[in-house]
Amino acid sequence: MKLAKRVEQVTPSLTLAIDAKAKALKASGVDICSFSAGEPDFPTPDHILAAAKQALDDGKTRYGPAAGEPRLREAIAQKLQKDNGLCFGAENIIVTNGGKHSLFDLMLAIIDAGDEVIIPSPFWVSYPEMVKLAGGIPVIVPTDEKSQFKITPAQLQQAITPKTKLFIINSPSNPTGMVYTPAELEALAAIVVANDLLVVSDEIYEKLIYDGAQHVSIGALGPEIYERTLVSSGFAKAYSMTGWRVGWLAGPVEIIRAATLIQGHSTSNVCTFAQWGAIAALEGSQDCVESMRVAFAERRQSMFDLINAIPGLSCAKPDGAFYLLPSIAQTGMTSLEFCDALLEEQKVALIPGIAFGADDFIRLSYATDMDTIKRGMERLDKFVRSRSGSIGASRIQ
Ligand SMILES: *Cc1c(COP(=O)(O)O)cnc(C)c1O
C-alpha cells in the first residue's frame, strides 16, 4: 500500500502512545504510577454534565452550524472581552473539536506549501506535525532554562525569513509550564508587527496559573498586534472536559470564515450536546475552575519539592499549566532510555523530553492525586540513585 507523502513526514504522538501503554499496564493489574497524562484527573463539574444531559433530552441531537452554536460563539466572544480585553464578536469565533483541531484548522486556512512557522522548543508535540500536514515548514527555535524556556526577541527576529508566515506562542506552556510576562510579550509583539507576521496564541492553560502569575493575551497589547493575533483555546483543561472535544479559534473574520469553510467540508459542527455543556461551563459559576486550580497548586508544590530533593535531578519552578520539566542531563541518559528503564524497573510512566524537542528533560504531569505523586517520586528517587553513583559523589564534593 502506497500512502500519501504527507503521512510519511509525520511522527506519531509519543505522549498519547505512552499514556496508552501506561493505561494498558494499569488495566492488566500492574501497580503503575503514571505522570504521563496531559489531562486533569477531576470529573467534569456536575452543572456542565447536567446541561449536556438536558440538551439530549431537549433533542439537541441534530446538525448545527459548522462554525458552532450561535450562543456558544457569543459566550466565547464575551469571555475573551471580559477576561482577556480582546474585542471579538461572535463572527470572530469558530467552535472546533478541541483546541488541537482549532490549530489544525488554522494551519490549513493560512499555510501554503513552503511557508515557515516559528515554534519555540520545548514545544507541544502536535505543533510541528500540524505544520507539516498543512505543507508548511516548522522552524524550531531552541530555548533553555537560562531564559526560563522562553524565546527572546532576538531569537524570534533571527528566525524570520521572507517565507515566515506564523509564530506560535503557548503561555502557560506545555511542557515547560512557563508564563510570559506582559513586558516579554510586548517585545515579541513588536517583532511580529514589524515583520507583518501572524501569531497564534495557544492559551488553553490560561486559568491554571500559580503564585500570583498573570495571564496576558498578546493580542490585547495594542491594535496592530490585535489584527495579527489568533487565540486558540478550549474547555479541556480548565473545566476538565478533555473527552468532550470542544475548543475554539478566535481571530480576524477572514481567517475564521476560511476555517469555517474547511470545517464545513470536514467535520461539520462539533457534537451539538457537547456544545451545550460548554455553554454551561462559560455561563455558569467559575468556582469549579478555581477549586481545581487550588488542588493543582498544592500538588505542584509537593512534586517540585520531592523532585528537587533527588540528587541528580533539577527542576525549575513553573508558574502555570500542570507539568514539571526536570533536567536529566546529569544522568547521562537520553530521555527515551530514561523513561523506558523507569517504566520497566519502577513502573513509573512519564514523557521523554524528546517528544517536545528537548532530549535533556523529562515531563511529569501533576494532574494526578497526591498519593500517586508521593509514591511515584519515591520510585523515581530509587531509580535515579540506582543509576548514578557518580552523581551522588559529585554532589558530596
Ligand atoms: C491539551 C492541549 C491543547 C488542546 O487540547 P484539546 O483536548 O484538543 O482541547 C492545546 N494545546 C496544548 C498546549 C495542550 O496541552
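Given the structure is predicted, the values throughout are model-derived calculations rather than measurements.

S.K.: When you look at the sheet that holds strand β4 (residues 137-142) in this model, what are you seeing that I'm missing?
M.R.: The strands making up a sheet are joined through hydrogen bonds of the backbone, oriented either antiparallel or parallel. If you walk across this open sheet you meet the seven strands as β2-β8-β7-β6-β5-β3-β4, and the pairing is mixed. Only two strands of the sheet have a single neighbouring strand rather than two, namely β2 (93-96) and β4. For this sheet the average axis-to-axis angle between neighbouring strands, irrespective of direction, equals 20°. In this sheet, strand β6 (residues 198-202) lies alongside strand β5 (residues 164-170) in parallel orientation, the contact comprising five bridges. Residue pairing for β6: asparagine 170 is matched across the bridge by aspartate 202. Lying on the sheet, helix α6 (residues 126-133) is in contact with β3 (116-121), β4, β5 and β6; it crosses β4 at an angle near 155°. Each of β5 and β6 touches helix α8 (residues 182-194); the most contacted strand, β5, lies at about 170° to it.

S.K.: Looking at this structure, how should I read the nonpolar core?
M.R.: Core analysis: the largest hydrophobic core is formed by 35 residues, its most contacted members being Phe35, Met303, Phe338, Leu364 and Leu380. Listing elements by their share of this core, those giving two or more residues are α12 (287-308), β9 (323-324), α13 (335-346), β12 (362-365) and α14 (370-387). Lining this core are residues from two domains, each supplying at least three of them: domain 1 (5-43 + 287-387) and domain 2 (62-283).

S.K.: Looking at this structure, I do not really get helix α4 (residues 70-84). What am I missing?
M.R.: Along an α-helix, a turn takes 3.6 residues, which lines up residues three or four apart on a common side. Between its first and last C-alpha, α4 extends 20 Å over 15 residues, near the 21 Å set by a 1.5 Å rise per residue. Of all the positions in α4, only Leu72, Arg73, Ala75, Ile76, Ala77, Lys79, Leu80 and Asn84 are classed as buried. Taken together, the buried residues of α4 touch β2, β7 (229-234), β8 (247-250) and α11 (272-283). The first or second residue beyond α4 is glycine 85, which carries a positive phi of 65°.

S.K.: Before we go on, may I ask you to explain the side chain of glutamate 69 in this structure?
M.R.: Within the secondary structure, glutamate 69 is located in the loop between α3 (46-57) and α4. Of the side chains with opposite charge, lysine 60 lies nearest to the buried glutamate 69, which makes no salt bridge, at 6.8 Å. The residues contacting glutamate 69, other than those within four sequence positions of it, are Gly64, Thr272, Gln275 and Trp276.

S.K.: Would you explain the sheet that holds strand β11 (residues 351-352) in this entry?
M.R.: In space, the three strands of this open sheet follow the order β9-β12-β11, with antiparallel pairing throughout. Strands with a single pairing partner mark the edges of an open sheet, and in this sheet they are β9 and β11. Here two bridges tie β9 to β12, and the two strands are oriented antiparallel to one another. Its bridge partner being in β12, leucine 324 is matched across the sheet by leucine 364.

S.K.: Would you explain the pattern of salt bridges in this entry?
M.R.: Pairing of side chains with opposite charge becomes possible as their charged atoms draw close. The final tally for this structure, using the stated rule, is 19 salt bridges. Measuring nitrogen to oxygen at the nearest pair gives 2.6 Å for the salt bridge that ties arginine 379 to aspartate 31. Taken together, the residues span a long stretch of sequence, with arginine 379 in helix α14 and aspartate 31 in the loop between α2 (14-27) and β1 (33-34) at a distance of 348 residues. Residue classification places aspartate 31 among the partly exposed positions, given a relative accessible area of 41%. A salt bridge links arginine 228 to aspartate 196; its shortest N-O distance comes to 3.1 Å. Note that arginine 228 is positioned in the loop between α9 (223-226) and β7 and aspartate 196 in the loop between α8 and β6, a separation of 32 residues in sequence. By relative accessible area, which is 16% here, arginine 228 ends up buried. When salt bridges that share partners are traced, they join Lys79, Lys82, Asp83, Glu206 and Lys207 into one network.

S.K.: Help me understand the environment of tyrosine 239, please; the structure alone is not making it clear to me.
M.R.: Position of tyrosine 239 relative to the elements: it lies in the loop between β7 and β8. For the pair tyrosine 239 and isoleucine 48, spaced 191 residues apart in sequence, the C-alpha separation works out to 8.9 Å. Here tyrosine 239 is in contact with Thr44, Pro45, Ile48, Ala281, Leu282, Gln286, Cys288, Val289 and Met292, once residues within four sequence places are set aside. Within polar-contact distance, the side chain of tyrosine 239 engages the side chain of glutamine 286 at 2.5 Å.

S.K.: So what exactly am I meant to see when it comes to the confidence of the model for the protein here?
M.R.: Per-residue pLDDT for the protein averages 94, and the proportion of residues at 70 or more is 97%. Per-residue pLDDT stays below 50 along residues 392-397; that stretch engages in four contacts with residues further than four places along the chain or on separate chains.

S.K.: What is the right way to look at α11 in this model?
M.R.: Here α11 contains 12 residues, and its C-alpha end-to-end distance of 17 Å stays within 8% of the 16 Å for a straight helix at 1.5 Å per residue. Of all the 12 residues making up α11, 10 are buried; the element is thus mostly covered by neighbouring parts of the structure. Listed in full, the buried residues belonging to α11 are Thr272, Ala274, Gln275, Trp276, Gly277, Ala278, Ile279, Ala280, Ala281 and Leu282. Close packing links the buried residues of α11 with α3, α4 and β2.

Rules and cut-offs
Residues numbered from 1 in each chain as written. Predicted model: local features only at pLDDT ≥ 70, side-chain atom pairs only at ≥ 80, totals over all residues. Heavy atoms only, no water. Pairing = 2+ DSSP bridges. Helix = DSSP H or I, 4+ residues; strand = E, 2+ residues; numbered from the N terminus. Axes fitted to C-alpha atoms, helices over the stretch in contact; angles between N-to-C directions. Contact = heavy atoms within 4.5 Å. Core = buried A, V, L, I, M, F, W, Y, C linked by side-chain atoms within 4.5 Å. Buried < 20%, exposed > 50% of the residue type's maximum accessible area, 1.4 Å probe, protein only. Domains from an automatic or database assignment. Expected span 1.5 Å × (residues − 1). Lys, Arg positive; Asp, Glu negative; His and termini not counted. Salt bridge = Lys/Arg side-chain N within 4 Å of Asp/Glu carboxyl O. Polar contact = N/O pair within 3.5 Å; in protein donor to acceptor, adjacent residues only side chain to side chain. pLDDT = per-residue confidence, 0-100.

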